[in-house]
Each structure stands twice: as structure tokens, then as C-alpha cells.
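Coordinate inspection notes
Residue strings, one per chain:
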Amino acid sequence: MFSKVAAVAVLGTMGASAYAQQPIVIKFSHVVAQDTPKGLAAEFFAKRAGELTKGKVKVEVYANSTLYKDKEEVEALQVGAVQMLAPSLAKFGPLGAKEFEVFDLPYIFDDYKDLHAVTQGKVGQELMAKLEPRGIKGLAFWDNGFKVFSANNPMKKPEDLKGKKFRIQSSKVLEEQMRALGALPQALAFSEVYQALQTGVVDGQENPYSNIYTQKMHEVQKNITETNHGYLGYAVIVNKKFWDGLPADVRGQLDQAMKEATDYANSIAKKKNDEDKKAIIASGKTEVYVPTAAERLAFKKALVPVHKKMESRIGADIIKQVYEATGFDPSKL
């Protein structure tokens, strides 16, 4: 499976150790389309890295799983085959950093204000620090957006998902989320979702509007319900050995480029999702349904018990810290 990773690992580690040979090359691999919030932010970072380092660093961005699928990319980073990734936060649980799975909990964030209280605060810093023993340096959290459900049947209440096969990322929390709705979770790589929907391998899926539109999922799904039930975001990470081996001035310039790219990523995330929602509606291929307050509350009541069920896996302490940061109290539903 990872022969390709091994084959290029030596090349991937040369950037830091042989930085006298200009430019230093950073391979930045990701699995979504170039015109998504993550794809646009990666290109922005590449441009600013080149400008701020005055050409000492060249960031090569590989979008849409052209180098590695989402099941392969973290190992590719750890062995040095690529230097930088922006995997979804669900990827860190299987690495042993199960606390990151707090981001997968349904309805733990009501909006971006709640979310940023965590990602841009003490909790976010503590989570990133947990990656370092695994050879990974966390640089930033990038937003994508809040997830909606798509399927070929209307979904106005939780019971409408019962018995349906739903694609999820590989995540124990997301498995439990789908089971709470009576649905059948199916873990698939992001690059395989369109075909799985088209051929009926799965009945539906969950993603923000930008991922649905750019991957043309709306063309093979008749219904979307805007539940905004879960958050999909990314952690920009780098191979720690590579990063620590960079000249200090270059590392500082890249830190600045990443700060600017993060501000850009988070500013365009909601805008891009709103635009792509409009494009999906305009296509006429999918009906978008916005639940009433009562209908949304019914989904929330069905899904929030997942928090308690996942305490032993994620950690009661980290869930409590998130509640405290956002002011969420599940007992008041």
C-alpha cells in the first residue's frame, strides 16, 4: 500500500537538510478540489510563502488526492514523503490522539463563534501539542464548514435516515452518530464518495456545501437537509523533523505566511459554502430543505446523547472544556 510513500520518502526529507540548494521544496498534499476553502487557502499559503521568503521556499500544492488518498496521507507525512497536509480533524483519532474526535461530536458547536472559542483558544493549543510525540507539528486550524445531510429521499426528521447507508469518514464518533439516527455508517475515502453515491453503494452522505458542490455530489443526490449537525475542519500539519530543521528566519516567515493563510481560509469558508449552496439550488438537481426550529431541535435531541456515549473514548475532560468554552449545556435541550 505504501510502496509509493517509501519510494519518495528520501526525496521528501531533503528540503530541510539540504536547504543550501535553493529553493526549499514543501510538498503540500490534500484531498479536496482546488476551489474549496482548503484548496484556495493552500494556494494562498504557497503564494505568500514564496513572497515572504523571497523565493527561498517553493510550496508545491497537490490537490484532489493526486498524491495520496486521505487514508494514506498522514503516514506519508510521518515518513517524510510530503512535508505538509491539512487533513480533516477526524484523521487524528486513529493516530492515537483521540481527543481530536471531540470535533466530530454532533451539535457540539452551534456556530463559528463557538467553534473559534475552541480552535483559537487554550483547548486548540493543547490539542495541537498532542501531535508532537507522533512526529507531527500542528500549525493551524482551518475552517471548512458545517455539515448537511444528502440522500435521495426527503429528510425532515431523524427517522427519515433510518435504515439508509450513509458514507462517513473513518471515525468511531461518526459511526455512533449515524447509529443514533438508525442509519448504517459506511466509511469510505473522500475520493470514492461520488461513485459510491452514483452506483448506490451508499444512499447518502454528510459534508459542507462546498465539498458537495465541487465533487458534484449534488448531481447524484435528490435531497439535502440543512441540519448543520456537525463541523468539518482541518488541522494544517507539517513533518516535525523537517520543520525543526529549517533555518529560523525561514521558519518565522512561513509562520507568518500560515497566519495570513489561516485568516484567509477562515474568512472565505462561510462565504464559499453560501455560494455553493446557491449554485446547488440553481442547478435544479437537488432540493435543499431548511428545517424549522422544531425540526432542528428534534435532530439535536436525537444526536446530542452521542456526547455521553463517547466520553470514555474521547475523554470527559476535553468534552467538558469545550462545553465551558462555548457555554453549551446538554441538560437544557
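Residues numbered from 1 in each chain as written. Predicted model: local features only at pLDDT ≥ 70, side-chain atom pairs only at ≥ 80, totals over all residues. Heavy atoms only, no water.

1. Quick notes on the packing of aromatic side chains
Inspection of every chain in the model, using the stated rule, returns 11 aromatic pairs. Relative to Phe141, the ring of Phe103 lies with its centre 5.7 Å away and its plane at 45 degrees, an arrangement referred to as tilted. With Phe103 in the loop between strand 3 (84-85) and helix 5 (112-119) and Phe141 in strand 4 (residues 136-146), the pair connects residues that are 38 residues apart, well separated along the chain. Like Phe103, the residue Phe141 is buried in the burial classification. Ring centres 6.2 Å apart and planes at 80 degrees place the aromatic pair Phe109 and Tyr231 in the edge-to-face group. Here Phe109 is found in the loop between strand 3 and helix 5, whereas its partner Tyr231 is found in strand 10 (residues 231-239), with 122 residues between them in sequence. Note on accessibility: Phe109 and Tyr231 belong to one class, buried. Following the ring pairs from residue to residue traces out a cluster consisting of Phe103, Phe109, Tyr112, Phe141, Phe146 and Tyr231. A cation over an aromatic ring shows up here: Lys38 above the ring of Tyr234, its NZ or CZ 3.8 Å from the ring centre. (Phe/Tyr/Trp six-rings, centres within 6.5 Å; stacked < 30°, edge-to-face > 60°. Helix = DSSP H or I, 4+ residues; strand = E, 2+ residues; numbered from the N terminus. Buried < 20%, exposed > 50% of the residue type's maximum accessible area, 1.4 Å probe, protein only. Lys NZ or Arg CZ within 6 Å of the ring centre and 35° of its normal.)

2. Thoughts on the pairing of strand 8 (residues 204-207)
Burial of the side chains of strand 8 extends over both faces: Gly204 and Glu206 are buried on one face and Gln205 and Asn207 on the other. Two elements, strand 5 (residues 148-151) and strand 8, share three bridges in a ladder whose sense is antiparallel. If you follow Phe149 over to strand 8, its bridge partner there is Glu206. (Pairing = 2+ DSSP bridges.)

3. Quick look at the environment of Gly284
By secondary structure assignment, the location of Gly284 is in the loop between helix 11 (248-283) and strand 11 (287-289). Given the relative accessible area of 61%, Gly284 is considered exposed. C-alpha separation for the pair Gly284 and Pro305, spaced 21 residues apart in sequence, amounts to 36 Å.

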